[in-house]
Amino acid sequence: GDPCGQPFKNTRTTIGCTATTSIAMTMEDYDAAFGGLAKRFRDMDGWEARQETPPAAYLHISKPGWLDHNLNGIHFETYVMEGQLQAGYVPVCLHCERGFPKQREFMKLFTERAKAKIEQWQGYKVLGPKGCSACEVWVPLGPSVEKTIEALANELLRLQQLTPLIDETIADVMQSTG
């Protein structure tokens, strides 16, 4: 299941072509490649990238005000685990988890504000306002680890377009009472 505790469904909203995997691509290959992906986002001004300890093919991208210091606030997330290698698809998501003090309020307001924009993006599915996933897309594994990492980076960059709306929604829900 995903980190929000919801089991993955067999139906996937995906982008691109049919996924093909190579026997040569292993978890160790992705674990190493995710370090470079994390660095790419850490090097961007004002962005944070977090991995679990020890670092693996699991990544959170966030801004300092998104309260994701403990991997449980607002963040963009992607990961490759054995299940993704077997399925041939990797998720890229926007989450607002329980570590954010007004999770329900954020999810409701953000979904209202961002739904039309997100629905214009090929393969994206809006999942909010319930739960912790605002939206997701399933990216097919590429013919190489490098091609997959590049496709994931492109989707994380696409999600960064939502930053002004995320920041505005955070400000609005944190100022509200209740």
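Residues numbered from 1 in each chain as written. Predicted model: local features only at pLDDT ≥ 70, side-chain atom pairs only at ≥ 80, totals over all residues. Heavy atoms only, no water.

A. Spotlight on the overall build of the chain. When you go through the chain residue by residue, the secondary structure sums to five helices and six strands. Seen in sequence order, the chain has helices and strands lined up from the N terminus as α-β-β-β-α-β-α-β-β-α-α. Counted over contacts in the chain with a minimum sequence separation of 6, partners at least 24 positions apart contribute 60%. With the model as given, the accessible surface of the chain reaches about 8,900 Å², and the carbon-plus-sulfur share is 51%. (Helix = DSSP H or I, 4+ residues; strand = E, 2+ residues; numbered from the N terminus. Contact = heavy atoms within 4.5 Å. Areas by Shrake-Rupley, 256 points an atom, 1.4 Å probe, with all protein chains shown as cover.)

B. Broad picture of a negative patch on the surface. On the surface, Glu 28, Asp 29, Glu 82 and Glu 146 cluster together into a negatively charged patch. Looking at the secondary structure, you find Asp 29 in helix α1 (residues 27-42). (Patch = residues over 30% accessible without salt bridge, like charges linked within 9 Å, V, L, I, M, F, W, Y side chains within 5 Å. Salt bridge = Lys/Arg side-chain N within 4 Å of Asp/Glu carboxyl O. Lys, Arg positive; Asp, Glu negative; His and termini not counted. Charge placed at Lys NZ, Arg CZ, Asp CG, Glu CD.)

C. Looking closely at the packing of aromatic side chains. One pass over the structure, following the stated rule, counts seven aromatic pairs. Measuring from ring centre to ring centre gives 5.4 Å for Trp 66 and Phe 76, while their planes differ by 85°; the resulting arrangement is edge-to-face. Of the two residues, Trp 66 sits in the loop between β2 (58-62) and β3 (74-79) while Phe 76 sits in strand β3, which places them 10 residues apart along the sequence. Phe 76 matches Trp 66 in its accessibility class, with the two residues each being buried. Measuring from centroid to centroid gives 5.3 Å for Phe 106 and Phe 110, while their planes differ by 10°, and the two rings are stacked. With a gap of four residues between them, Phe 106 and Phe 110 both fall in helix α3 (residues 103-119), about one helical turn apart. Three or more aromatic residues link up through ring pairs in this structure, and these residues are Trp 47, Trp 66 and Phe 76. (Phe/Tyr/Trp six-rings, centres within 6.5 Å; stacked < 30°, edge-to-face > 60°. Buried < 20%, exposed > 50% of the residue type's maximum accessible area, 1.4 Å probe, protein only.)

D. Structural context of the nonpolar core. Ranked by size, the top nonpolar core spans 46 residues in total, and within it Tyr 30, Phe 106, Phe 110 and Ile 166 carry the most contacts. Listing elements by their share of this core, those giving two or more residues are α1, β2, β3, β4 (89-96), α3, β6 (133-140), α4 (145-160) and α5 (163-175). With sequence-adjacent residues up to four places away left out, Phe 110 is seen in contact with Leu 94, Lys 115, Ile 118, Ala 134, Leu 162, Leu 165, Ile 166 and Thr 169. (Core = buried A, V, L, I, M, F, W, Y, C linked by side-chain atoms within 4.5 Å.)

E. Spatial organisation of the pairing of β4. In terms of burial, β4 is a largely internal element, eight of the eight residues being buried. The side-chain alternation of β4 yields two buried faces, one formed by Tyr 89, Pro 91, Cys 93 and His 95 and the other by Val 90, Val 92, Leu 94 and Cys 96. In the sheet, β3 pairs with β4 via five bridges, with the strands oriented antiparallel. For Phe 76, the partnering residue across the bridge sits in β4 and is Leu 94. As judged from the seven bridges shared by β4 and β6, these two strands associate in the antiparallel manner. Bridge pairing in β6 places Cys 93 opposite Glu 136. (Pairing = 2+ DSSP bridges.)

F. Quick peek at α3. Roughly 45° is the biggest bend found in α3, and it falls at Arg 113. Among all positions in α3, only Gln 103, Phe 106, Met 107, Phe 110, Thr 111, Ala 114 and Ile 118 are buried. Elements that come into contact with the buried residues of α3 comprise β3, β4, β5 (125-126), β6 and α5. (Bend = angle between axes of the 7 residues up to and from the residue.)

G. View of the packing of α3 against α5. At a minimum axis distance of 10 Å, the contact between α3 and α5 shows a crossing angle of 140°. Here α3 is positioned oblique relative to α5, judged by the angle of their axes. The interaxial crossing formed by α3 with α5 has right-handed handedness. Packed against α3, whose contacting residues are Glu 105, Phe 106, Leu 109, Phe 110, Arg 113 and Ala 114, the element α5 presents Leu 165, Ile 166, Glu 168, Thr 169, Ile 170, Asp 172 and Val 173 at the interface. (Axes fitted to C-alpha atoms, helices over the stretch in contact; angles between N-to-C directions. Parallel < 35°, antiparallel > 145°, perpendicular 65-115°, else oblique. Left-handed = near helix turned anticlockwise from the far one by under 90°.)

H. Expanded view of the pattern of salt bridges. In the structure shown here, the tally under the stated rule is seven salt bridges. The partner of Lys 39 in a salt bridge is Asp 43, with the nearest N and O atoms 2.6 Å apart. Measuring nitrogen to oxygen at the nearest pair gives 3.3 Å for the salt bridge that ties Arg 40 to Glu 150. Here Arg 40 is found in helix α1, whereas its partner Glu 150 is found in helix α4, with 110 residues between them in sequence. One network of salt bridges, with partners in common, ties together Arg 113, Glu 168 and Asp 172.

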